[in-house]
Structures are given as structure tokens and as C-alpha cells.
Amino acid sequence: MNQNFDYRNKRVLIVDDQRAFQIMLKTMLINFGAKDITHVGSAEDALKLCRNDTFDLLLVDYNLGSGLNGRQLFEALKADNLLPIHTVFFLVTGDNSKAIVLSAIQMTPDDYLMKPFSQNELNLRIQKAFNKKEALLPIYQAIKNNDFSQTMEECDNAIIYSTRYRNFCRLFKAELLIEKERYDDARIILEEFIDDHPHTHAQLLLGRVYYLEKKYQQAIPLLTEIIKYNPMLLDGYDWLAHCFKDGGDSEKALNIVQRAIKHSHLSLDRQGLLAELALDTHMNAIAKEAFFAILMQTKNTIHQDPQHLINYVQAIILMAKNEEDSFKQGRLLQEISGLFHRPSQQHPYVEEGELLALEGYSLASVHHVKGNQVKAKHTLLKSNEAFLAD
């Protein structure tokens, strides 16, 4: 532990909907020497504060009741550029379910904590996160300045001079090169790294590089081995599924993604891939479930989009068209009607005109599936008139 670490100059924001935990956490921080501590009970209040002020440390609970959760707050802060490069973000959760824990890890906050935790553990983890952030600050500053050559230089400096973070920086450099599509340079770093000491994250990045280079025959066995011995490493499933998909085996890709979803369903990209693969393989019920998951997970977040509602409606219609059982077909079509009960309240992010057009299209499709073509045409024309008038 760094004896020179000083909490007194740190501005702290606690985000938790439980008053008792706010008080407990604040008491711990005061015991560490912290003086400037603010606490709020919702992600929305935290966003308001961060738009007008900056904090050095954010301690955010995953589950925040109604509204945005801690993961979605983290996304919103990053999207709006409200997290300064020096700020440390902790995600805290009392929910030890596999899906929540894996979701928290995949968001890559500076650290995450499982409740309950001791005062000593909290202190150690905070100091460790700040030490790492301070050591790598020149890299983050170069990234913020959009100076790639300086970023590479700062990575090289850290690799040479920082014993503690040398390996992290080697892999981080490889990731940055991948983002710049410099796959040859990334592959050299990763293969040398793995030769020195096999490392799961390095192997995963190498599998990703092989995939991006369309070297599926090298990527598939490597990624298969990774998820065999690291079944919670969900990125491994994703890249393996992409290998099979792009290689023309959508059924195998679908199976891989379904295995990942069983571990954690809280990934929009994974749900989107699941929906795409399900449509490719005519597994319409799976596609419908995936589109519904996306619709629900994006509600009131930065990711909400009318297209998610459209995709879900189209998935229901596709299922209904192919459903021979009239009772099951009727139940499916009722789901569409339910989506447009008080539509402006259910879907406030959709412009009124767009919502009217989508409702008209959806209800016309219902009539079409039921075989009432005249009513379908009339409904569609009526909604178009309303949309144009709007």
C-alpha cells in the first residue's frame, strides 16, 4: 500500500440507491481521510452532476432501481466524454449472479467490487487503481489527443521503464494496433508475448487478429481451446462465432453464441449477432427473443433506437406468417397490438410521425397475416395519410 496516497485531495462520488450503503461507504472513505464526498441515489442524478463537475473517484452500484443501472451510467459517461482521463471508476455489485458479474467485467471499468467487502479491501483496491491510472496517464493523454505515434511511444516507454505494468502495456499496444488495422504489427507482439509466457488474454487477442486476417483455420482451434479452459471468457465465444459465420457455417456459429448467452445475456452486440444468425438459419423464435432482449436492454439508454422496435415487430410478423397453429398465431399478433397500447408512453424516444407510421405498418401486417388484404391496405393507407399530415 502506498503510504503517501492522500485521500484528502480526492473528490468522490457515490452512486447507490440504498441510503444505508451510501452511509457505510462514506464512513469508510472518511476513515481513509477523504473530505470531499458526494452521494446520489440514481444514475440520472449522477449524470447531471458530472455534466457540471468532475470527480476523481466514482463508486457506482450496478443495480440502481428504476432508470439506468451502473453499467449504463458508465456507458453514458464515456459516450458524453464526462470521464476525465485521471478519474477512477468502480462498479460495485451485491448481485453475484453470473450474468451480472460477467457483464460488469466486460464493461472494463477501472475495477469492480463484490459486496460485501471490508474497509481494508476497499482501501487497497482504490489505491491500486489510482497507482495504475497515474502510471499510464501519459498513454491515456496521448489517446485523448488523438496522437497515435505519441501513444505508441508512451506505450514503449512504459514497457521499458514500468516493471509492474510492462505486460499490460505490451497487450494494450497490441490492442491499439488492432484498432488501427495494423494486424501484422499486432500479431508479432502477441506471438512474441505468448512465446515468453502463455497468457489467456494474449491468446484471445491473437485469435481476434487471425479472424480479422481471415485466417480462420488458425483462429478456430486457438479460440476453441481458449473457451474450453476459460468458459467464462465470453469474447472468445464471440470471435469464434464470427469465424464460423464468415466461414459459411451459420449453424455452428449460432450454437457458439447460444452457449455464450447462457452465461450472460447482457450484451447488445452478442444479442444482435444471435438475432442475425437465427434469421440466417430460420430459427425465428430465437431471433424474436434476441430482438426483444435488445429492445428491453436499450430502453432509456444511449442505445435506444426506433430500429430495435422495428426489428422486434418484423420478427413477430415473420413468426406469425410461418405459424400453422391459428391459436399460437393469434397470440403472436396480440403481442404487436400490445406494443402500440399507449405507444407514446411505451416508446417516448420515437418521433410521433414515425410511431404512427410504424403502428400502421404493424397493424396492416397483422391484417395481412390473418388474410384480410383489403383491411391491411386500408390501414396502411390511413397511416400514411396521418404520417404525411403530421
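Residues numbered from 1 in each chain as written. Predicted model: local features only at pLDDT ≥ 70, side-chain atom pairs only at ≥ 80, totals over all residues. Heavy atoms only, no water.

Engineer: Looking at this structure, I do not really get the pairing of strand 3 (residues 57–61). What am I missing?
Structural biologist: Successive residues of a regular strand alternate their side chains across the two faces of the sheet. Within strand 3, 5 of the 5 residues are buried, which leaves it mostly tucked inside the rest of the structure. In this sheet, strand 3 lies alongside strand 1 (residues 11–15) in parallel orientation, the contact comprising 4 bridges. Its bridge partner being in strand 3, Val12 is matched across the sheet by Leu57. As judged from the 5 bridges shared by strand 3 and strand 4 (residues 88–93), these two strands associate in the parallel manner. Its bridge partner being in strand 4, Leu59 is matched across the sheet by Phe90. (Buried < 20%, exposed > 50% of the residue type's maximum accessible area, 1.4 Å probe, protein only. Helix = DSSP H or I, 4+ residues; strand = E, 2+ residues; numbered from the N terminus. Pairing = 2+ DSSP bridges.)

Engineer: When you look at the pairing of strand 2 (residues 36–40) in this model, what are you seeing that I'm missing?
Structural biologist: In terms of strand pairing, strand 1 meets strand 2 through 5 bridges, oriented parallel. Within strand 2, the residue paired with Ile14 across the bridge is His39.

Engineer: Looking at this structure, I do not really get the nonpolar core. What am I missing?
Structural biologist: Side chains of a nonpolar character, in soluble globular proteins, are inclined to be buried together. Core analysis: the biggest nonpolar cluster contains 78 residues, and Leu190 and Leu309 have the highest contact counts within it. With 8 residues, helix 16 (residues 306–321) is the largest single contributor of residues to this core. Dropping the residues within four chain positions of it, Leu309 is found in contact with Leu295, Leu339, His347, Tyr349, Leu355 and Leu358. (Core = buried A, V, L, I, M, F, W, Y, C linked by side-chain atoms within 4.5 Å. Contact = heavy atoms within 4.5 Å.)

Engineer: Help me understand the packing of aromatic side chains in this model?
Structural biologist: Any two aromatic rings considered together are summarised by their centre-to-centre distance and by the angle between their planes. Summed over all chains, the structure comprises 10 aromatic pairs. Ring centres of Phe74 and Phe89 lie 4.5 Å apart, and the angle between their planes is 35°; this geometry places the pair in the tilted category. In this pair, Phe74 sits in helix 3 (residues 70–79) while Phe89 sits in strand 4, placing the two residues 15 residues apart along the sequence. The burial state of Phe74 is the same as that of Phe89; both residues are buried. Grouping aromatic residues by their ring pairs yields a cluster made of Phe5, Tyr7, Phe32 and Phe130. For Lys10, the ring lying beneath its charged end belongs to Phe5, and the centroid distance is 5.0 Å. A cation over an aromatic ring shows up here: Lys115 above the ring of Phe21, its NZ or CZ 3.9 Å from the ring centre. (Phe/Tyr/Trp six-rings, centres within 6.5 Å; stacked < 30°, edge-to-face > 60°. Lys NZ or Arg CZ within 6 Å of the ring centre and 35° of its normal.)

Engineer: What is the right way to look at the sheet that holds strand 3 in this model?
Structural biologist: Two modes of strand pairing occur in sheets, parallel and antiparallel, and in both the strands are linked by backbone hydrogen bonds. Across the sheet, which stays open at both edges, the 5 strands sit in the order 2-1-3-4-5 with parallel pairing between neighbours. Edge strands, defined here as strands with exactly one partner in the open sheet, are strand 2 and strand 5 (111–114). Taking the axes of each pair of neighbouring strands and ignoring which way they run, one obtains an average angle of 20° across the sheet. On top of the sheet, helix 3 reaches strand 1, strand 3 and strand 4; it is set at about 160° to strand 4, its chief contact. Strands strand 3, strand 4 and strand 5 of the sheet are contacted by helix 5 (residues 119–135), whose axis makes an angle of about 145° with strand 4. (Axes fitted to C-alpha atoms, helices over the stretch in contact; angles between N-to-C directions.)

Engineer: Just checking my understanding: could you explain the packing of helix 14 (residues 268–280) against helix 15 (residues 284–297) for this structure?
Structural biologist: Between two packed helices, what matters for the description is the angle formed by their axes and the separation of those axes. Between helix 14 and helix 15, whose axes approach to 8 Å, the crossing angle comes to 155°. In this view, helix 14 runs roughly antiparallel relative to helix 15, as classed from their interaxial angle. When the axes of helix 14 and helix 15 are compared, the crossing they make is left-handed. For the pair helix 14 and helix 15, the contacting residues are Leu268, Gln271, Gly272, Leu274, Ala275, Ala278 and Leu279 in the first and Asn284, Ile286, Ala287, Ala290, Phe291, Ala293, Ile294 and Gln297 in the second. (Parallel < 35°, antiparallel > 145°, perpendicular 65-115°, else oblique. Left-handed = near helix turned anticlockwise from the far one by under 90°.)

Engineer: What should I look at first to understand helix 10 (residues 200–212) in this one?
Structural biologist: Every α-helix winds through 3.6 residues per turn, so residues three or four apart in the chain are directed the same way. Taking 1.5 Å as the rise per residue, helix 10 with 13 residues should run 18 Å; its terminal C-alpha atoms sit 18 Å apart, in good agreement. Looking only at helix 10, the buried set comprises Ala202, Leu204, Leu205, Leu206, Gly207, Arg208, Val209, Tyr210 and Tyr211. Looking at the buried positions of helix 10, the neighbouring elements they touch are helix 8 (166–179), helix 9 (183–196), helix 11 (216–229) and helix 12 (234–246). In the stretch just after helix 10, Lys214 is the one whose phi turns positive, near 65°. (Expected span 1.5 Å × (residues − 1).)

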